[in-house]
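Here's the letter readout for the chains.
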Amino acid sequence: MIASLAGLLSHVEADRCVIDVNGVGYLVFASTRTISALPNPPELAKVLVETIVREDAILLYGFATTAEREWFRTLTAIQGVGAKVALGLLSTLSPSELISAIASADKASLTRAPGVGGRLADRLLTELRDKAGKMPGGGGGTATAAIIAQGNVGGTIEADALLALAGLGFRRAEAWPIVSRLIAEKEAEATLDGVIRDALKELAK
């Protein structure tokens, strides 16, 4: 099984990309969140991978963060949620937003994702209610839960900040070292808005 890919990003589309590893191009499907976090081709890129083997194909799904990959695995284990629907959910909601939606039984947020109707949203809320707090982007402790409620989960803030900065035209390669350092310095006090604001100040220098 392929667990990750690192190579030259040769092609990007809305829901997939091609990563060239030693002359072999791997087609990788991904959420729009992960696609937006990738550098512009042709540049080196690395994605975590979930490999799904079917009778007629071997499919690769790529993720910018471990949290996103773990959520993909959890979502696709639920009846009625295939890989396409799972990627739709992860494109619409970040891991921390999924946790918040499930904890507050926010059916409307779930149905924003393509392919998720009212019945499937109810199933997601029922089956994930006891799991969400233990998923990446969350935790079981009171302190961690308080941080989740404020949206201040380090890994998710990093991914969301990089996504926002990519939308403003900054490459991941130049933004990541700054974002990572800012989050490490602020620790539990880090907020998405604050990290983006401070990163923009440094990137504009």
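Figured I'd write up the structure that's included with this text. (Residues numbered from 1 in each chain as written. Predicted model: local features only at pLDDT ≥ 70, side-chain atom pairs only at ≥ 80, totals over all residues. Heavy atoms only, no water.)

Strand β5 (residues 58-63) sits mainly inside the fold: 5 of its 6 residues count as buried. Pairing between strand β3 (residues 24-30) and β5: 3 bridges, direction parallel. Note that in β5 the partner of valine 28 across the bridge is leucine 60. Two strands pair when backbone bridges link them, and strand β4 (residues 43-53) and β5 are joined in this way by 6 bridges, in the antiparallel orientation. Among the inter-strand pairings, glutamate 50 is bridged to a residue of β5, identified as tyrosine 61. (Buried < 20%, exposed > 50% of the residue type's maximum accessible area, 1.4 Å probe, protein only. Helix = DSSP H or I, 4+ residues; strand = E, 2+ residues; numbered from the N terminus. Pairing = 2+ DSSP bridges.)

The next thing to look at is the packing of aromatic side chains. Within this structure, the stated rule accounts for 3 aromatic pairs. A ring pair is formed by phenylalanine 29 and tyrosine 61, whose centres lie 5.8 Å apart and whose planes are at 35 degrees; its orientation type is tilted. Of this pair, phenylalanine 29 sits in strand β3 while tyrosine 61 sits in strand β5, and the two are 32 residues apart along the sequence. The exposure classification of phenylalanine 29 matches that of tyrosine 61, with both residues buried. Counting every residue linked through ring pairs, the aromatic cluster contains Phe29, Tyr61, Phe63 and Phe72. (Phe/Tyr/Trp six-rings, centres within 6.5 Å; stacked < 30°, edge-to-face > 60°.)

A cluster of nonpolar side chains, Met1, Val53 and Ile58, forms an exposed patch at the surface whose accessible area comes to about 390 Å². Residue placement: valine 53 occurs in strand β4. With a relative accessible area of 52%, valine 53 lands in the exposed category. (Patch = residues over 30% accessible without salt bridge, like charges linked within 9 Å, V, L, I, M, F, W, Y side chains within 5 Å. Areas by Shrake-Rupley, 256 points an atom, 1.4 Å probe, with all protein chains shown as cover. Salt bridge = Lys/Arg side-chain N within 4 Å of Asp/Glu carboxyl O.)

For glutamate 50, the position within the fold is in strand β4. Reaching out from glutamate 50, the side chain makes a polar contact with the side chain of arginine 73 at a distance of 2.7 Å. Beyond its immediate sequence surroundings of up to four residues, glutamate 50 is in contact with Leu59, Leu60, Tyr61, Phe63, Arg69, Phe72 and Arg73. (Polar contact = N/O pair within 3.5 Å; in protein donor to acceptor, adjacent residues only side chain to side chain. Contact = heavy atoms within 4.5 Å.)

Ranked by internal contacts, the top residues of the largest apolar core, which has 30 residues, are Trp71, Leu75, Leu110, Val116 and Leu124. Going through the elements one at a time, β5, α2 (66-76), α3 (83-92), α4 (95-103) and α6 (118-128) are the ones with two or more residues in this core. It is α3 that provides the largest number of residues to this core, a total of 6 residues. Looking at which domains feed residues into this core, each of domain 1 (4-63) and domain 2 (67-133) gives three or more. Those residues in contact with leucine 124 that sit more than four places away from it in its chain are Leu75, Ile78, Val81, Leu89, Leu110, Val116 and Arg129. (Core = buried A, V, L, I, M, F, W, Y, C linked by side-chain atoms within 4.5 Å. Domains from an automatic or database assignment.)

Pairing within the closed barrel is mixed, and its 5 strands lie in the order β1-β2-β3-β5-β4. Strand-to-strand twist across the sheet, computed as the mean angle between neighbouring axes with direction ignored, equals 55 degrees. The strands touched by α3 are β3, β4 and β5; relative to β5, the strand with the most contacts, the crossing angle is about 10 degrees. (Axes fitted to C-alpha atoms, helices over the stretch in contact; angles between N-to-C directions.)

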